[in-house]
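Here's the letter readout for the chains.
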Number of protein chains: 2
Amino acid sequence: MKPVIGFIGLGLMGKPMAQNLLRAGFPLVVWNRTKAKADELTKSGAKLASSPRDAASRCDVLITIVSDPPALEEVLWGSQGALDALKRGATLIDSSTVSPDLARRVAAECEKRGIDFLDAPVTGGTWGAEKGELVFMVGGKAAVLERMTSILSAMGKKFPLLGPNGAGQTVKLAMNLLLAIQVDGFAEALALVTAAGVPADRLMEIFLSSMGRSGVLEVKAPMMVKGEFPASFPLRLMHKDVRLALELAREKGIMLPAGAAAYATYSAVKDVSNDDPDFSAISRFWRK
Amino acid sequence: MKPVIGFIGLGLMGKPMAQNLLRAGFPLVVWNRTKAKADELTKSGAKLASSPRDAASRCDVLITIVSDPPALEEVLWGSQGALDALKRGATLIDSSTVSPDLARRVAAECEKRGIDFLDAPVTGGTWGAEKGELVFMVGGKAAVLERMTSILSAMGKKFPLLGPNGAGQTVKLAMNLLLAIQVDGFAEALALVTAAGVPADRLMEIFLSSMGRSGVLEVKAPMMVKGEFPASFPLRLMHKDVRLALELAREKGIMLPAGAAAYATYSAVKDVSNDDPDFSAISRFWRK
């Protein structure tokens, strides 16, 4: 019999992930802060929980994917938090992007309660979430990951074990740091060419035929050249992830000069954007 | 009958470019500051010029590809400089990476003398140079580019006209700015993961299966993980190109925060490296 899965966080990523679990035949109990976001899923057969605690009490495996560390803390440790309601022997998989330090705190609290824990943040965007082709960056024990394989396979194509709890979050922060810097890099290249009066319409074609080729150029650059930034990965979340990466760096005693510079630029754009744009809106820094 | 081509600058890029011209049947007159670098070419049938001026006086089309602005100025305007020896009606193609401003100065001097000029810096690396698959970023007049097509085709696969003289250099500086920032970005991501105690051996595989995929990850990251930096594109030249990009930005009144941060890091590594490493050696900034 398939385990009952609790699923908390039905945002851009969480909703398609939960849908894939349903499609794969897992019994699902869902909770989301904004209740309406659960409608599609409950119509497809998911049960609605009244709180994180309620979802936790009704499942064998709980998956959380919320927007930031405070949201995760509220969902786990708040007055209606999930952690105290999880059964001994249950498994918690957190796919939010948070600090490795918070992942280890969650792991320690789980261990006290006889709960297995994986930190398993994802990459692949909404497209990957919909297609079930996410990559999970996993921190935790091999045996736990092994037991979770059939569940993770319903949502993703790869789930490399990167080390003990926290390692998944570490690699995820490094990845988003790289993406943030790459998008900033293209924004700066575009700004330079534009300021020098050269049309930008052939930039992508040229950069793509060089070592400058990248996923960022294919996916983000066309929007940046047009000046349109519909949120695929919101700037406010990338801003948070770069902050977490910089905090981790400070903790470990290293400098990330380009990361720090990019963070300042994302911050400046965040402060003047009221439309919750994609992180590629960093280009606005240079628009008159 | 094919035009005689003068070729000045037989470095990592220039030598294979000149070899491809020879293979395509163009009569070639070569000059290089270090004479020994011309040996292979003269054995294959190229004539050796005694100076830039001598090369210029013996050709219909002169191609220059030297390491930086002062080297180009010396080759064109030095006591044995090429510019005064070029025939009226000749064409000068400069494939060095220099400032758009210098490209426009060269264009103005050429115009006075009835010489056609293209700024046509290249991308594609030594591999592209050897295979004849370079991309030339061209500034100048369409009619001149048209006349040069058979020559450029012997060395490259694309030669987009990007605008008047200087536009080729502008796009090249933007491209190298992007590459410099991308390599710095991976170096920072690698440093973060390493400092946090997570093995880096699966980083590339994971990043490549995300939007983080890039030419930099394929070509440079494996060396950076190993800590080996044999020069494909020397750090001293990338350092110069980022400086030129920052100077152009200042001239145009825009800030490039990540570019400036990357420049500082390349500078720091340049100061402590005595082995003329590849620009991916920026990773040394974080190595104990």
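The structure displayed is predicted, hence computed values, not measured ones.

Caption draft 1: Spotlight on the sheet that holds strand S8 (residues 134–136) of chain B. Across the sheet, which stays open at both edges, the three strands sit in the order S7-S8-S10 (chain B) with mixed pairing between neighbours. Edge positions in the sheet fall to strand S7 (122–123) and strand S10 (156–158) of chain B, since each has one partner strand and no second.

Caption draft 2: A look at the packing of helix H8 (residues 167–195) of chain B against helix H12 (residues 235–252) of chain B. All names here are of chain B. Between H8 and H12, the shortest axis-to-axis distance is 9 Å and the interhelical angle comes to 120°. In terms of orientation, H8 lies oblique with respect to H12. Crossing hand, H8 versus H12: left-handed. The segment H8 lies against H12, with Thr-170, Leu-173, Asn-176, Leu-177, Leu-179 and Ala-180 engaging Met-238, Asp-241, Val-242, Leu-244, Ala-245 and Leu-248. Tallied by class, the residues present in the contact of H8 with H12 amount to nine nonpolar, two polar and one charged.

Caption draft 3: Main features of the sheet that holds strand S7 (residues 122–123) of chain A. Residues and elements named next belong to chain A. Taken in spatial order, the three strands of this open sheet run S7-S8-S10, and their pairing is mixed. Edge positions in the sheet fall to S7 and strand S10 (156–158), since each of these pairs with one other strand and no more. With two bridges joining them, S7 and strand S8 (residues 134–136) adopt antiparallel strand pairing. Bridging across to S8, Val-122 finds its partner in Phe-136.

Caption draft 4: Structural detail: the packing of H12(B) against helix H13 (residues 257–272) of chain B. All names here are of chain B. H13 packs onto H12 with a crossing angle of 150° between their chain directions and a minimal axis gap of 10 Å. By the angle class used here, H12 and H13 are roughly antiparallel. Pair H12 / H13 crosses with left-handed handedness. Of H13, the residues touching H12 (which contributes Leu-235, Arg-236, His-239, Val-242, Arg-243 and Leu-246) are Gly-259, Ala-260, Tyr-263, Tyr-266, Ser-267, Val-269 and Lys-270.

Caption draft 5: Quick look at the relation of the copies chain A and chain B. Each copy of the sequence occupies a distinct position, and chain A is placed on chain B by a rotation of 180° and an axial shift of 0.0 Å, giving an RMSD of 0.0 Å. Viewed as a symmetry operation, the transformation between the two copies matches a two-fold axis. Closest approach to the rotation axis among the C-alpha atoms of chain A is made by Ser214(A), whose C-alpha sits 1.9 Å away. Mapped onto chain B, 100% of the interface residues of chain A are again interface residues, and the two copies thus contact each other with one and the same surface.

Caption draft 6: Main features of the confidence of the model for chain A. Overall, the predicted model of chain A reaches an average pLDDT of 96, with 100% of residues at or above 70. Interface confidence for the predicted complex, given as ipTM, is 0.95, next to a pTM of 0.95.

Caption draft 7: View of the nonpolar core. Judged by nonpolar contacts, the single largest core of 104 residues is most densely connected at Phe186(A), Phe207(A), Phe186(B) and Phe207(B). Leaving out residues up to four positions away in the same chain, Phe186(B) has contacts with Leu178(A), Leu203(B), Met204(B), Phe207(B), Leu217(B), Ala221(B), Met224(B) and Val225(B).

Parameters and conventions
Residues numbered from 1 in each chain as written. Chains lettered and ligands numbered in written order. Predicted model: local features only at pLDDT ≥ 70, side-chain atom pairs only at ≥ 80, totals over all residues. Heavy atoms only, no water. Pairing = 2+ DSSP bridges. Helix = DSSP H or I, 4+ residues; strand = E, 2+ residues; numbered from the N terminus. Axes fitted to C-alpha atoms, helices over the stretch in contact; angles between N-to-C directions. Parallel < 35°, antiparallel > 145°, perpendicular 65-115°, else oblique. Left-handed = near helix turned anticlockwise from the far one by under 90°. Contact = heavy atoms within 4.5 Å. Nonpolar A, V, L, I, M, F, W, Y, C, P; charged D, E, K, R; others polar. Least-squares fit on C-alpha atoms with pLDDT ≥ 70 in both. pLDDT = per-residue confidence, 0-100. Core = buried A, V, L, I, M, F, W, Y, C linked by side-chain atoms within 4.5 Å. Buried < 20%, exposed > 50% of the residue type's maximum accessible area, 1.4 Å probe, protein only.

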